[in-house]
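Structure at a glance
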Protein chains: 2
Amino acid sequence: MRYNNVYFCIMEIDLSKIKSPADIKGFNLDQLNLLSEELRAVLIRKLAAHGGHVGPNLGVVEATVALHYVFDAPKDKIVFDVSHQSYVHKMLTGRIEAFISPEDYDKVTGYTSPSESEYDLFEVGHTSTSISLATGLAKARDLQGGKENVIAFIGDASLGGGMALEALNYAPELKSNIIVILNDNQMSIAENHGELYTHLKELRDSNGASSNNIFKALGYEYIYVKEGNDLRSLIKAFREAKDQKRAVLVHINTMKGEGLPVAETNKETFHFSAPFDAKTGALLNMDSSETYVDVFVKTILDGIRKDPKLVLLTAGTPGAFGFSPAHRAEAGKQMVDVGIAEQDAVTMSAGLAKGGAHPVMGVVSTFLQRAYDQLSHDVAINNLPASFVVFYGGMFGMNDVTHLGFFDIAMISNIPNITMLAPASAEEYKAMLELAMDNSEGPLVVRTPGGALVSQKEPVNKDFTKYVKIEDGSDVAIIAEGAFLPFARKAAALAREKGVNPMVVNPRILSNVDEEFLDGLKDFRMIVTVEDGIIDGGFGQKVSTYMNRYGVKTINLGIKKEFVDRYDVKDFFKANSLTPEQIAEILVKG
Amino acid sequence: MRYNNVYFCIMEIDLSKIKSPADIKGFNLDQLNLLSEELRAVLIRKLAAHGGHVGPNLGVVEATVALHYVFDAPKDKIVFDVSHQSYVHKMLTGRIEAFISPEDYDKVTGYTSPSESEYDLFEVGHTSTSISLATGLAKARDLQGGKENVIAFIGDASLGGGMALEALNYAPELKSNIIVILNDNQMSIAENHGELYTHLKELRDSNGASSNNIFKALGYEYIYVKEGNDLRSLIKAFREAKDQKRAVLVHINTMKGEGLPVAETNKETFHFSAPFDAKTGALLNMDSSETYVDVFVKTILDGIRKDPKLVLLTAGTPGAFGFSPAHRAEAGKQMVDVGIAEQDAVTMSAGLAKGGAHPVMGVVSTFLQRAYDQLSHDVAINNLPASFVVFYGGMFGMNDVTHLGFFDIAMISNIPNITMLAPASAEEYKAMLELAMDNSEGPLVVRTPGGALVSQKEPVNKDFTKYVKIEDGSDVAIIAEGAFLPFARKAAALAREKGVNPMVVNPRILSNVDEEFLDGLKDFRMIVTVEDGIIDGGFGQKVSTYMNRYGVKTINLGIKKEFVDRYDVKDFFKANSLTPEQIAEILVKG
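Only a predicted model underlies this, so the values are computations on that prediction, with no experimental measurement involved.

1. Quick look at the relation of the copies chain A and chain B
Both copies of the chain are tied together by a single rotation about an axis and a shift running along it. The two copies are related by a screw operation: chain A maps onto chain B through 180° of rotation and 0.0 Å of translation along the axis, at an RMSD of 0.0 Å. Such a turn and shift between the copies fits a two-fold axis. By residue overlap, the copies meet face to face through one surface: 100% of the interface positions of chain A are interface positions in chain B.

2. Notes on the pattern of salt bridges
Tallied over the entire structure, the rule returns 66 salt bridges over all chains. Among the salt bridges present, the one from B:Arg305 reaches B:Glu330, with a minimum N-O distance of 2.7 Å. Here the residue B:Arg305 occupies a position in helix H13 (residues 292-306), and B:Glu330 occupies one in helix H14 (residues 325-331), the gap between them amounting to 25 residues. Residue classification places B:Arg305 among the exposed residues on the basis of a relative accessible area of 51%. Bridged by salt links that share partners, the residues A:Lys90, A:Arg95, A:Glu116 and A:Asp120 form one connected network.

3. Examining the sheet that holds strand E13 (residues 476-480) of chain B
All names here are of chain B. Strand order in the open sheet formed by five strands is E12-E14-E13-E15-E16, with mixed pairing between adjacent strands. Both edges of this open sheet fall to strand E12 (468-471) and strand E16 (553-559), since each of them pairs with a single strand only. Between one strand axis and the next, the sheet turns through 25° on average, direction left out of account. Sheet analysis places E13 next to strand E14 (residues 503-506), joined by three bridges and oriented parallel. Bridging across to E14, Ala 477 finds its partner in Met 503. Helix H20 (residues 485-497) contacts E12, E13 and E14 of the sheet and is inclined by roughly 175° relative to E14. Helix H24 (residues 580-589) rests against E13, strand E15 (526-534) and E16 of the sheet, and its axis sits at about 155° to E15.

4. Some details on empty space enclosed by the protein
Which parts of space are left empty comes out when a probe the size of a water molecule is rolled across the atoms. Under the criterion given, the structure shown has 16 cavities of 30 Å³ or more. In this structure, the largest cavity spans a volume of roughly 160 Å³. Lining the largest cavity are 14 residues, and of these A:Leu165, A:Ile214, B:Leu165, B:Ile214 and B:Leu218 sit closest to its centre. Mapped onto the lining of the largest cavity, the elements with two or more residues apiece are helix H8 (162-170) and helix H10 (214-217) of chain A together with helix H8 (162-170) of chain B. Tallied by class, residues from the lining of the largest cavity come to 12 nonpolar, two polar and no charged.

5. Here's the deal with the interface of chain A and chain B
On the chain B side, the residues contacting the 107 residues of chain A number 107 residues. Buried surface at the junction of chain A and chain B, both sides included, amounts to about 8,500 Å², of which 57% is carbon and sulfur. When residues of chain A are sorted by the area they lose upon contact with chain B, A:Glu166, A:Glu195 and A:Phe563 head the list and together hold 8% of the total. Counting across the chain A and chain B interface gives four salt bridges. A salt bridge links A:Lys175 to B:Glu195; the shortest N-O distance between them is 3.7 Å. Linking chain A with chain B are 45 residue pairs in polar contact (both at pLDDT 80 or more), by the criterion used here. Top contributing element to the side of chain A that touches chain B by residue count: helix H15 (residues 342-354) of chain A, with nine residues. Looking at the side of chain A that touches chain B residue by residue, the class counts come to 42 nonpolar, 42 polar and 23 charged.

6. Details of the pairing of strand E6 (residues 310-314) of chain A
Residue and element names in this part refer to chain A. With five of five residues buried, E6 is to be regarded as a mostly interior element. Side-chain alternation along E6 places Leu 310, Leu 312 and Thr 314 on one buried face and Val 311 and Leu 313 on a second face that is also buried. As paired strands, E6 and strand E8 (residues 358-364) are joined by four bridges and run parallel to one another. Counted as the bridge partner of Leu 312 is Val 360 from E8. In this region the chain leaves E6, passes through helix H14 (residues 325-331) and returns to the parallel neighbour strand E7 (residues 335-337); the handedness of that crossover is right-handed.

7. Section: the nonpolar core
Formed by 301 residues in total, the largest nonpolar core has its most connected members in A:Phe215, A:Phe296, A:Phe406, B:Phe215, B:Phe296, B:Phe406 and B:Tyr467. Residue contacts for B:Tyr467: discarding those within four places in its chain leaves B:Ile479, B:Val505, B:Asn506, B:Pro507, B:Ile509, B:Asn512, B:Val513, B:Asp514, B:Phe517, B:Leu518, B:Phe539 and B:Val543.

8. As for the environment of A:Val513
Counting through the fold element by element, A:Val513 comes out in the loop between strand E14 (503-506) and helix H21 (515-519). With residues up to four places along the chain from it excluded, the contact list for A:Val513 reads A:Tyr467, A:Leu518, A:Lys542, A:Val543 and A:Tyr546.

Conventions we followed
- Residues numbered from 1 in each chain as written.
- Chains lettered and ligands numbered in written order.
- Predicted model: local features only at pLDDT ≥ 70, side-chain atom pairs only at ≥ 80, totals over all residues.
- Heavy atoms only, no water.
- Least-squares fit on C-alpha atoms with pLDDT ≥ 70 in both.
- Contact = heavy atoms within 4.5 Å.
- Salt bridge = Lys/Arg side-chain N within 4 Å of Asp/Glu carboxyl O.
- Helix = DSSP H or I, 4+ residues; strand = E, 2+ residues; numbered from the N terminus.
- Buried < 20%, exposed > 50% of the residue type's maximum accessible area, 1.4 Å probe, protein only.
- Pairing = 2+ DSSP bridges.
- Axes fitted to C-alpha atoms, helices over the stretch in contact; angles between N-to-C directions.
- 1 Å grid on protein atoms, 1.4 Å probe; cavity = no way out; pocket = protein on both sides within 12 Å on 5 of 7 lines; lining within 4 Å.
- Points joined across faces, edges and corners; volume = space filled by probe spheres on them.
- Nonpolar A, V, L, I, M, F, W, Y, C, P; charged D, E, K, R; others polar.
- Buried area = accessible area lost by both parts, 1.4 Å probe.
- Polar contact = N/O pair within 3.5 Å; in protein donor to acceptor, adjacent residues only side chain to side chain.
- Right-handed = clockwise from strand over helix to strand, strands pointing away.
- Core = buried A, V, L, I, M, F, W, Y, C linked by side-chain atoms within 4.5 Å.

Set out below in structure tokens:
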């Protein structure tokens, strides 16, 4: 059955009446199949209109129905890895209205969320955590004499992350009930990398019978489900796994994007999509204005053509920085994707730099957190010329609580030896990327600005260890980095109307202060710092610590240290005293 | 051959003449065997007198000789995982005098170090990095048309770390020369955990012939060496692996502590040892004074007896917090060791807390870096009551550049929702540990103080979100955490001699400021903060940011943001203006 025209699909089961998994327990197989069809139809309608993780959710409709049919959540505990594939789970656990009614579409998050439902155990958004979480739940159960099943539902791509492999290794040692459902859709966000995937193919090709079996080697009872989108097969397998007192791995072979032809065909494009036409797959709202990502793609591809030793690395997210399959093909051997394995990618960069190559890794702010020690121990201590370009840092990035980009300045800039740069314009960004590609000094991080692309007319001062005075002023200075430089200029203009004439400064470097420049401000009355990150541990506090020797008052503006979920960016400016008007008031009244 | 009495061993090869591996290339097997015996004898003499990683190095004497006999370093590139087992490598690569001559014992570090020798490629001290580094070297070689061999030498325990597994998965995809030597001594620092080790046993028991073979599954050519301390077998295997254009894994079965009976018998004790009697194994210098670790062991064991839901977790380092095999046996099911897999342990803690258990993880400061994202994404975002007790934080801990403990305050305290506490006495530490065991609030980190145990007579104020005034004073305040509180008191006494009467404050909480307390200082002339960590991102900067609203001058004392290696702690105080005399001067002249 295909849903090219989902809007006219006739519903034979009233989905709005499904309030919990109990409501499907009495279904026979035909009804469960019908249910799956209807869930998929409704899901496609929402995904097309609203956007979201298309392929991952369409691929697991049947598996999710079977899970809730066979197991008894919330008593049985299901942990979804990444949880970007939990939409059908949400539909079956009391939140169907957020999928049926367009006005309710935003009432659920895109990930599991305990504040939404007792069926959701954790806020999750990063990969590879589910088995560790499940071992914790299983151990807690065993200490308390519980009997419930604990299930980790994890995709093939997530399984390649080191943490998942650690837990995969440890879980059977519990000698107790733990069920790992390996949802093998033969894709990461892009294609998979690593020989684990050749091995999974060997298992699929042998219908699970290969004598070489990594899961059996690790002590799992192994169950293979060839038709992972077939309810009968899934129910049988899950029933077999249920209530066992040992570690069981159920390997299900599913189709990413199942049931939506454009998503089945274009798996990478439809991993996550903005609103689209369900028939053609075309995006409904195309924005053709140039972005910082465009600058990155062009600059790096130019670099790759010129320098055969330049290597662009990613840990499974080339799309995050605009590298389409065509761009990757063009980069050829100079592109490395290690799969969702940030630790490996960062430390491989150290090895590349030591070996004389020129590594540049593109990485999403929130995911770089997964390689803190690799940045510190492997790259920074060894002071190797490896470069990292961070995307979606700051408040203009992703706003799910699990994907916030506010923390990278505090995380990165306090590691010794790392130079962390924040450009404030496309021209500065390009110059910093060129430095990153031609890096011979030591670890370098360039933070891609958030927000719309800004151009500057003045030539770029390429000594990025130096602050740049943008507007002259006296008595008061405002030092604002990245996307907040335009805010600072606007605030300064407003302050001038009130008789205060602030100097406006673009710091560019976040990891160290420009002491010479700051010495020149020692007789100022006040310095205001503004950054696109949390105040704690940020560059502003470095300015404060330095200026304290002169007794100059400093005010640090930035984001309060807290987790927030799905904020409105304009409200968020205001809540953090970051609108130009609020900044102007501080400049005037101090 | 056994070396119970190494001092009388007669040397038939003049080790002092071995300046590089070239000097052993012409040896025949008998000479190589003799060389190995002599290297071991010299090594035992140094280890007994000086201390160091005993078992790991004695186990790889033959493997290291074979490596340098078969391969051509430094052209061929050998990356040692952790590199704590690189002593014999150092002996063969121009640094023999640091093992022969007691006066030169400290001329080499305990790990590979590029500043020492071109044969050492990286500063390394954490586990599980070698394969990632090797893939980087191999890729750099391939882009430049090189032909050299790239070798990662990794222990069985390190292989269980997620990053090693990520790289193990990726390396064969290079379709190029990369050799992983798996040094299987059947031990971690303590015993191994995880089913990978059952599988390694299956491989050993079948003499490498088991049809189930995780390495073959991942695409490696697999070579098994049953006698991993036998030179002939090792040389044959390494020759077979050499120059292949694919990924090869050589699995060598070695004996940890080989050749020193006390180390063979007590593998855990002799993983690392202070100076000892080579015959009896007794430590030469026993210090029986009570330590913070003793307080930890006693308090946690008491807690385990009282609360069946309390779980103590470790990632392979129970000895770091004093949990001997006997203590672990007593803790029984309430002790979890996941192997060297910090990510898994931290996130398992989140699962345990969610499941209603009471997790407390003991962890070494520098190793907690390996689980930054797990602390943030899994524990902190979910605001789960999991507790972490950090050891060897601050400047009193380990002083190898790869094991510095200065960075944990900046790393941990800037993650929202985490309460980070720093006790300044044994009584405060115990009270905080009791809070950690009875944690129902949210993520809690207790940082074990460095230095000698301090006692306080006053009752402990258990509202740890509140600063405590230790000595009254006026106009100037000094807020000093942990091991620096006694320094602050001494400095205050010195300042009083000069007519300045500072208030002395114990902050206890590092992750947030006590606003009410600080409000009370708004008319003070100056506040000095002192912390046992880097200034950047530390608690002192939080005090500064807060006090800036009042225009009160603050001075942040702590450690400069830089990597240092094997510092003398007293020199280090002075270099960072942290002696009581220097602090007193700031209090007076500030």
